[in-house]
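Summary of the model geometry
The primary structure of each chain is shown beneath.
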Amino acid sequence: MQQNTLKMTLAALVKIAAFDALKHLFPDTDISASAITVNQTKPEFTGDYTIVLFPFVKLLRMKPDILGTQVGEHLLATSDLFSEFQIVSGFLNLTVKDSYLNTFLTENFTNSSFGIQHPVDHKVMVEYSSPNTNKPLHFGHLRNIFLGAAVSEILTANGKKVIKANLVNDRGIHICKSMVAWKNYGEGATPASSGIKGDHFVGDYYVKFNEVYKKEIAGLTAAGMDEKTAEKEAPIMLAAQAMLRKWEAGDEATRKLWETMNGWVYEGFDVSYKNLGVSFDHVYHESETYLLGKKIVEDGLNKGILFRKEDGSVWIDLTDDGLDEKLLLRGDGTSVYITQDIGTAQLKYNDYGLDQSVYVIADEQNYHIQVLKLILKKLGEPCADGIFHLSYGMVELPTGKMKSREGTVVDADDMMAEMVNMAREQTEQAGKTEGFTAEELNNLYRTIGMGALKFYLLRVDPKKRMIFDPKESIDLHGYTATFIQYAHARICSILRKENIPVTGTATQLPQLSGNVTLEKAEKDMILHMEQYPDILKDAADSFNPASICNYTFQLAQLFNTFYDVHSISKAESEEKKTLRLMIVIMTASTLRHAMGLLGISLPEKM
RNA sequence: GGUCCGGUAGCUCAGCUGGAUAGAGCAUCAGCCUUCUAAGCUGAGGGUCAUUGGUUCGAAUCCAAUCCGGAUCACCA
């Protein structure tokens, strides 16, 4: 029992206590736990947690003051949590005992698994990144990648078994475009011979293709052809299509070129992924999965769930679900995008026996995923129920959508370099480079730059689209990773001076006597840290890393205020010093843990 | 046209399972470094929570309608 109550957060305990009190005081009234609202007390009132009395005022036909007094007195008498209560017009404000918070702090300040849930039997795959192999990653991909990586970590911290997957789109007309352009204009160049990173190298030929294509269309229309026909008849487009046919027929030379060029891209991606600090447990390739799904479709046809039209194409009727008819196989028997996805969904499920499968995909595919899930359900596939679309808004430029064909993209590698560079400029400008080796400085710039980039993209609710103005760049002040990193570095500086290991979890400090009085800034910090397990759980339930950003920023803010008003090394008493060291040690480790989930590391010096 | 998502301070965003006088950051202005890192802290100004109606003791939050912005409804992927 003791064990259990310690693991619950205050907010949960207050709610239970309130429920028990009401049931005890009014045994004849039917009171539901869901009617109890517990909030944090607004700063302008005395108290820490507030129980809203209005619902019960009505139910019990009592005046708020009388009801609140009865509940409050009962809570003080029966629970060890509260030191006092006040009633302000229908709100019962409870003050949490300092001794409770001191005990919490003593027990958890070196607890490296604070907030982490016990493992549960729940396997979830998170698919993210999922690039095409005809061009490098751009800024929009970064949102996807950081989201997928962060959600994976958050789910893991909540006890789930996570498989991180990447589904690489390594085949199709877009790759053939790069291949044709390289064949025609590459003159045998390679990433090594040109000194260009592989993914950029191949991407350059994709751009080249579109340049030539545009010119050819212009030439044809000038010669009197209408635009639609010209788009179809442009020689370079015909060449790309021929290339795709040869690829599908398994033509050796084509396959070889394809493998070579994809290989270049993978080398480039590997560098980018490494710089981004992300990894995958399983990489699926579309060239291996694109023929899957046909059998499932044929089974569905036999079962009468699907139907065939006169031209031989296979369809599903979703009009009863408010959607349209959807094509699943072309008249010539070849599969379409969704056919592949049906097959891949089943493959993933069979590979791991998944309870859940998260697709991190931009919101432009909301309809597609909705249809996919519905079709799988109608086909009776067991993987259907576990599918969850983590839909996120596109990252746009002030000028509109990023179009790699037109070269109006913010390149991911460029962006990373730019951020690291900004971190360098800021550090130099602030004159904070003393006492670092050149290597330490480079690491610091990376930590700050990449942290700022990740935080910038993760702090916004995923489903909102965001407009990124490269000219305005990204701030390193205010609601940023830098702010949090700085708070951490300050704590580490204090700990160094006290000869306490900054990342050590085995720190020994004297026992607190139990009756240390907490000042506001101290109490605020402990109360906030105490909520961390709930925040982590909410972030997992809502698949939203932004709530972690928010929480972490607030904790850093509380620390900065605390740091400003209270001295740690020169505390008023030894006991106060111990208390503050505990607070600060736990703050640092909570910041590290939370930011670690987002893939952001915190420097010990900056 | 159907469906889905968004609209909160000059800008970028929290808050949305209904609760007290709607919060941060940036920007602007005014203060704070002989004392643990000023990448920080304190304070000020800045709001018709798109609009209208409804439900409720109570609405930024729930419901309906309208307006604005976006996405999508392909034998593309």
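Relevant structure appears above.
Residues numbered from 1 in each chain as written. Chains lettered and ligands numbered in written order. Predicted model: local features only at pLDDT ≥ 70, side-chain atom pairs only at ≥ 80, totals over all residues. Heavy atoms only, no water.

With that settled, consider the sheet that holds strand E5 (residues 123–127). The five strands lie next to each other as E7-E6-E5-E11-E12, forming an open sheet whose pairing is parallel. Where the open sheet ends on each side, the last strands, each with one partner, are strand E7 (282–285) and strand E12 (387–392). With strand direction ignored, the average angle separating the axes of adjacent strands in the sheet is 25°. Of the pairings in the sheet, the one linking strand E11 (residues 356–362) to E12 comprises six bridges and is parallel in character. (Pairing = 2+ DSSP bridges. Helix = DSSP H or I, 4+ residues; strand = E, 2+ residues; numbered from the N terminus. Axes fitted to C-alpha atoms, helices over the stretch in contact; angles between N-to-C directions.)

In total, this model carries 21 aromatic pairs according to the counting rule given. Taken together, a centroid distance of 6.2 Å and an interplanar angle of 55° make the contact between Phe269 and Tyr273 tilted. In this pair, Phe269 and Tyr273 are both assigned in helix H12 (residues 252–276), four residues apart and thus about one turn of the helix distant. When sorted by exposure, Phe269 lands in the same class as Tyr273, which is buried. Here the aromatic rings of Tyr456 and Phe468 are separated by 5.8 Å at their centres, their planes lie at 70°, and the arrangement is edge-to-face. Remark: Phe468 occurs in the loop between strand E14 (466–467) and helix H19 (481–497) and Tyr456 occurs in helix H18 (residues 438–458); sequence separation between them is twelve residues. Owing to a relative accessible area of 15%, Tyr456 belongs among the buried residues under this scheme. Residue classification places Phe468 among the buried residues on the basis of a relative accessible area of 1%. Following the ring pairs from residue to residue traces out a cluster consisting of Phe104, Phe114, Tyr532 and Tyr551. Note that Arg171 overlies the ring of Tyr290, its terminal NZ or CZ placed 3.8 Å from the centroid. (Phe/Tyr/Trp six-rings, centres within 6.5 Å; stacked < 30°, edge-to-face > 60°. Buried < 20%, exposed > 50% of the residue type's maximum accessible area, 1.4 Å probe, protein only. Lys NZ or Arg CZ within 6 Å of the ring centre and 35° of its normal.)

Let us now look at the packing of helix H21 (residues 532–541) against helix H22 (residues 546–565). The N-to-C vectors of H21 and H22 enclose an angle of 160°; their axes lie 8 Å apart at closest approach. The angle between H21 and H22 falls in the class roughly antiparallel. Each of Tyr532, Ile535, Leu536 and Ala539 in H21 lies in contact with H22, whose residues at this interface are Ser547, Ile548 and Tyr551. Taken together, the residues of the contact of H21 with H22 sort by class into six nonpolar, one polar and no charged. (Parallel < 35°, antiparallel > 145°, perpendicular 65-115°, else oblique. Contact = heavy atoms within 4.5 Å. Nonpolar A, V, L, I, M, F, W, Y, C, P; charged D, E, K, R; others polar.)

The biggest cluster of nonpolar side chains holds 160 residues, and the ones touching the most others in it are Leu67, Leu75, Phe139, Phe146, Leu276, Leu453 and Leu457. Among the elements that line this core, the one with the most residues is helix H23 (residues 574–597), at twelve residues. By size, the runner-up hydrophobic cluster in this structure holds 26 residues, among which are Leu329, Ile342, Leu379 and Cys383. (Core = buried A, V, L, I, M, F, W, Y, C linked by side-chain atoms within 4.5 Å.)

Okay, the side chain of Thr41 next. Of note, Thr41 is situated in the loop between strand E1 (38–40) and strand E2 (49–52). On the basis of relative accessible area, Thr41 is assigned to the buried category, the value being 12%. Within the structure, Thr41 has its side chain in polar contact with the side chain of Thr50 (distance 2.7 Å). Ignoring any residue separated from it by four or fewer positions in sequence, one finds Thr41 in contact with Thr46, Gly47, Asp48, Tyr49, Thr50 and Asn93. (Polar contact = N/O pair within 3.5 Å; in protein donor to acceptor, adjacent residues only side chain to side chain.)

Positive phi outside glycine occurs at Ser130, with the angle close to 40°. For Ser130, a relative accessible area of 25% gives the class partly exposed. Of note in the backbone geometry, Phe543 takes a positive phi value of approximately 50° without being a glycine. Of note, Phe543 is situated in the loop between H21 and H22.

On to the pattern of salt bridges, then. On inspection of all chains with the given rule, the structure shows 22 salt bridges. A salt bridge links Lys577 to Glu498; the shortest N-O distance between them is 3.1 Å. With a gap of 79 residues between them, Lys577 in helix H23 and Glu498 in the loop between H19 and helix H20 (520–530) connect regions that are remote in the sequence. A residue is classified by how much of its surface remains accessible, and Lys577, at 16% relative accessible area, is buried. Of the charged contacts, one joins Glu519 and Arg580 as a salt bridge, the two residues approaching to 3.6 Å between their closest N and O atoms. Within this pair, whereas Glu519 is found in the loop between H19 and H20, its partner Arg580 is found in helix H23, the two being separated by 61 residues in sequence. For Glu519, a relative accessible area of 32% corresponds to the partly exposed category. On the basis of relative accessible area, Arg580 is assigned to the buried category, the value being 0%. A single salt-bridge network, built from bridges that share partners, covers Glu519, Glu522, Glu572, Lys576 and Arg580. (Salt bridge = Lys/Arg side-chain N within 4 Å of Asp/Glu carboxyl O.)

Attention now goes to the pairing of strand E3 (residues 82–88). Across six bridges, the pairing between E3 and strand E4 (residues 91–96) is antiparallel. Bridge assignment links Phe85 to a residue of E4, and that residue is Leu94. With antiparallel pairing between neighbouring strands as the criterion, E3 and E4 make up a hairpin whose turn holds two residues, including Ser89 at a positive phi of roughly 35°.

It is worth stressing that arrangement in space is one thing and function is another; only the former is reported here.
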